[in-house]
Amino acid sequence: MSKRRTAVLISGNGSNLQALIDDFSDAEHPGTLSLVLSNRAHAFGLTRATRANIPTVVTSHKGYTSREDYDAELVRILKEHQIEWVVLAGFMRILTPIFIEAFPNRIINIHPALLPSFRGLNGPAQAIEAGVKIAGASVHLVSPEMDAGPLLIQGAVHVRADDTVDSLKKRILAVEHLILPKAARWACGGRIALHEGGVSVNLPPGDTQSIFLNSL
Ligand code: GRF
């Protein structure tokens, strides 16, 4: 069977992209990374993609008069590359319905918080501010409401008494690198089923939809 053509959208360092590159390099992987798209020309993730021989496109949001016009251009590029799954891995843009409706239930996002807590920007800072003792990351299908689509997998970590936003961010990032590739594999492998009111994953043996990273 042909592999599912997957695009990763980034804005920065791309450490999650790297975790995906490493996982997709497995010959048994049901997907292939066909495109990395960045809205920032200097995103280090572009270098990671080039090293892995993945085509890249930079499309700056600057110069577009509306979010919708920008999103329409992104959709055009993704369709041109025959993309089937879209992974948002640190893409710092809010998507409009034009984008979301072009890939219905075919977009997954990584968010650095245990949703539905701490939606929006800077999940780790919100967690520190709230004084929670467990934090983490979530991968979900993208729906029109921001950070509110059905959850696919969550990864939790301790919040330590001496944590700063930066130290917690690093620990959360480590769990992101475990859960995002898993969700992308399930997506490409046709394991995500949508029902009325929810989503279920036909889990491969040994996989779970929750991880606690106790070692850090
Ligand atoms: C991650 O924390 C992700 O959850 C958030 O942006 C960060 C991207 O990190 N949306 P990287 O570019 O993958 O290193």
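Residues numbered from 1 in each chain as written. Predicted model: local features only at pLDDT ≥ 70, side-chain atom pairs only at ≥ 80, totals over all residues. Heavy atoms only, no water.

Caption draft 1: Representation of the site of the ligand. Taken together, the residues surrounding the ligand are Asn13, Gly14, Ser15, Asn16, Gly90, Ile110, Pro112, Leu173 and Glu176. At 2.8 Å, a backbone N or O of Gly14 approaches an oxygen atom of the ligand. In the complex, the protein chains occlude 81% of the 370 Å² of accessible area that the ligand would expose alone. One can see that the ligand is located within the largest pocket. Elements that contribute at least two residues to the shell around the ligand include exactly α1 (15-24) and α6 (165-188). By residue class, the composition of the shell around the ligand is 3 nonpolar, 5 polar and 1 charged. (Near = heavy atom within 4 Å. Polar contact = N/O pair within 3.5 Å; in protein donor to acceptor, adjacent residues only side chain to side chain. Areas by Shrake-Rupley, 256 points an atom, 1.4 Å probe, with all protein chains shown as cover. 1 Å grid on protein atoms, 1.4 Å probe; cavity = no way out; pocket = protein on both sides within 12 Å on 5 of 7 lines; lining within 4 Å. Sits in = over half its atoms within 2 Å of the grid points. Helix = DSSP H or I, 4+ residues; strand = E, 2+ residues; numbered from the N terminus. Nonpolar A, V, L, I, M, F, W, Y, C, P; charged D, E, K, R; others polar.)

Caption draft 2: Structural view of the nonpolar core. Membership of the largest hydrophobic core comes to 41 residues, with the highest contact counts inside it found for Val8, Ile108, Val139, Leu152 and Ile192. Ranked by residue count, the leading element in this core is α6, at 10 residues. Domain assignment of the residues forming this core places at least three in each of domain 1 (1-104) and domain 2 (110-216). Excluding residues that lie within four positions of it along the chain, Val139 makes contacts with Ile108, Asn109, Ile110, Leu151, Leu152, Ile153, Ile179, Leu180 and Ala183. The next biggest cluster of nonpolar side chains, apart from the first, holds 21 residues, and it includes Ala7, Leu9, Ile83 and Val142. (Core = buried A, V, L, I, M, F, W, Y, C linked by side-chain atoms within 4.5 Å. Buried < 20%, exposed > 50% of the residue type's maximum accessible area, 1.4 Å probe, protein only. Domains from an automatic or database assignment. Contact = heavy atoms within 4.5 Å.)

Caption draft 3: Examining the pattern of salt bridges more closely. Per the stated rule, a full pass over the model turns up 8 salt bridges. Of the charged contacts, one joins Arg76 and Glu73 as a salt bridge, the two residues approaching to 3.0 Å between their closest N and O atoms. With Arg76 and Glu73 both in helix α3 (residues 67-80), this residue pair falls 3 residues apart, about one helical turn. For Arg76, a relative accessible area of 42% puts it in the partly exposed group. Asp207 is the partner of Lys182 in a salt bridge, and the nearest nitrogen-oxygen pair spans 2.8 Å. Of this pair, Lys182 sits in helix α6 while Asp207 sits in the loop between β9 (198-201) and β10 (210-213), placing them 25 residues apart in sequence. In this structure, a network of salt bridges that share partners links the residues Asp23, Asp26 and Arg185. (Salt bridge = Lys/Arg side-chain N within 4 Å of Asp/Glu carboxyl O.)

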